[in-house]
Amino acid sequence: DAAEFIERYGKKDFILYAGRIEPRKNQLNFIRAMKGTGRTVVFAGEPVSDYTDYYEQCRKEASENTFFIGRVEHESTLLSSAYAASGIFALTSWFETPGLAALEAGLSGSKVVITEEGSTREYFGDMAFYAKPEDIFSIRASVDKAYFSDRTVELKEHILKNFTWEKVAEKTAEAYRRVIGK
């Protein structure tokens, strides 16, 4: 339900970027890619203690449409409300495996813009918008494609079919049975 987030922050249909703020998560290139677009970006997460300079650089380069709301506890209804309130979830990290946040966002119905680095294609197939993390033009183009695309339930259904805790546990147990020959 988007209501809690909208009531608290007055924002909806924004781009949500959730996770620790650190160079590996590549928030700075995302901020640079979004400059001049007029799109609202919300960062949910706190800086890693060793990277406060990186966080300060992100804040310095952020536009007036960029908001840092700090850490939102994973179990909090505010986090699920943020997913529901956003139109696009972004995670243009240098590498992902793919990250629970992206799966949760896809499950909420958000369009997902994600790095092409790592195993993200194995999880999201053709149902996400991929960006090269080193290329701000690639990031912006992927966000533009997501922005102008229709919302579908295809990714949500894919995640429900393949990546719930129960499904993953079943697949893991099946793999163990194959390996040990039972």
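Our structure is the block above this text.
Values in this document were obtained by computation on a predicted structure and should not be read as measured data. Per chain, residues are indexed from 1 in the order of the written sequence. Totals for whole chains, interfaces and linings use every residue, but because this is a predicted model, local features are given only for residues with pLDDT of at least 70 and side-chain atom pairs only at 80 or more, for both listing and counting. Working from all heavy atoms in the structure, the side-chain values ignore hydrogens and water.

A. The arrangement of the overall build of the chain in detail. Labels follow the DSSP assignment, with helices taken as runs of H or I lasting at least four residues and strands as runs of E lasting at least two, numbered in each case from the N terminus. For the chain, the count of helices and strands is 9 helices and 6 strands. Taking 182 residues into account, the globule formula puts the C-alpha radius of gyration at 16 Å, and the chain, at 17 Å, falls close to it. C-alpha atoms of the chain, sized along the principal axes, occupy 60 × 35 × 30 Å. Buried residues in the chain amount to 43% of all 182 residues. Of the contacts formed within the chain by residues at least 6 apart in sequence, a portion of 67% connects residues at least 24 apart. Under the convention used here, a 1.4 Å probe and the Shrake-Rupley method define accessible areas, while residue burial counts only the protein chains that appear. As displayed, the chain has an accessible area near 10,000 Å², and 51% of this comes from carbon and sulfur atoms. When charges are counted, neither His nor the chain ends are considered; positive counts come from Lys and Arg and negative counts from Asp and Glu. Note that the charge is assigned to NZ on lysines, CZ on arginines, CG on aspartates and CD on glutamates. Charge-centre separation for the chain: the mean point of 25 positive side chains lies 2 Å from the mean point of 28 negative side chains. Atoms counted for the radius of gyration: C-alpha only. Globule rule: 2.2 Å times residue count to the power 0.38. Each residue is placed in one exposure class: buried if its accessible area under a 1.4 Å probe, protein chains only, is under 20% of its type's maximum, exposed if it is over 50%, and partly exposed if it falls in between. Contacts were defined at the residue level, with two residues in contact if any of their heavy atoms lie within 4.5 Å.

B. Representation of the layout of surface pockets in the model. The pocket and cavity definitions rest on a 1 Å grid over protein atoms only: a 1.4 Å probe that fits but cannot leave marks a cavity, an open set with protein on both sides within 12 Å along at least five of seven lines marks a pocket, and residues lining either have an atom within 4 Å of a point. Grid points are joined across faces, edges and corners, and a volume is the space filled by probe spheres set on the points. The volume enclosed by the largest pocket comes to roughly 470 Å³. If you trace the largest pocket, you find 21 residues lining it, with Ala18, Gly19, Arg20, Ala44 and Ala101 closest to the centre. Broken down by element, the residue count for the lining of the largest pocket peaks at 3 residues, all from helix H5 (residues 100–108). Of the residues contributing to the lining of the largest pocket, the split by class is 10 nonpolar, 4 polar and 7 charged. Here the second largest pocket is characterised by a volume of approximately 340 Å³. Leu100, Leu103, Phe163, Thr164 and Trp165 are the residues nearest the centre of the second largest pocket, which is lined by 14 residues in total. Under the scheme applied, nonpolar residues are Ala, Val, Leu, Ile, Met, Phe, Trp, Tyr, Cys and Pro; charged residues are Asp, Glu, Lys and Arg; polar residues are all the others, including Gly.

C. Focus on the side chain of Asn26. Residue position: Asn26 is located in the loop between strand S1 (15–18) and helix H2 (27–34). Taking relative accessible area as the criterion, Asn26 reaches 3% and is therefore assigned buried. Side-chain polar atoms of Asn26 contact the backbone oxygen of Thr92, separated by 2.8 Å. The residues touching Asn26, leaving out its near neighbours within four places in the chain, are Tyr17, Tyr54, Thr92, Ser93, Trp94, Pro133 and Ile139. Throughout this description, a polar contact denotes any pair of N or O atoms lying within 3.5 Å of each other; where both atoms belong to protein, one of them has to be capable of donating a hydrogen while the other can accept it, and for residues adjacent in sequence the pair is counted only when both atoms sit in side chains.

D. Focus on the sheet that holds strand S4 (residues 88–91). Any two strands between which DSSP finds at least two bridges are classified as paired. Read across the open sheet, the 6 strands follow the order S3-S2-S1-S4-S5-S6; overall the sheet is parallel. Both edges of this open sheet fall to strand S3 (66–70) and strand S6 (129–131), since each of them pairs with a single strand only. Within the sheet, the average angular offset between the axes of one strand and its neighbour, ignoring direction, is 25°. Axis definition: a line fit to C-alpha positions, over the contact stretch in the case of helices; interaxial angles, taken between N-to-C directions, run 0 to 180 degrees. Most of the contacts of H5 go to S4, to which it runs at about 165°, and overall it touches S1, S4 and strand S5 (111–115). Sheet contacts for helix H7 (residues 136–147): S1, S4, S5 and S6; angle to S6, the most-contacted strand, approximately 170°.

Purely geometric stuff here, so don't read any function into it on its own.
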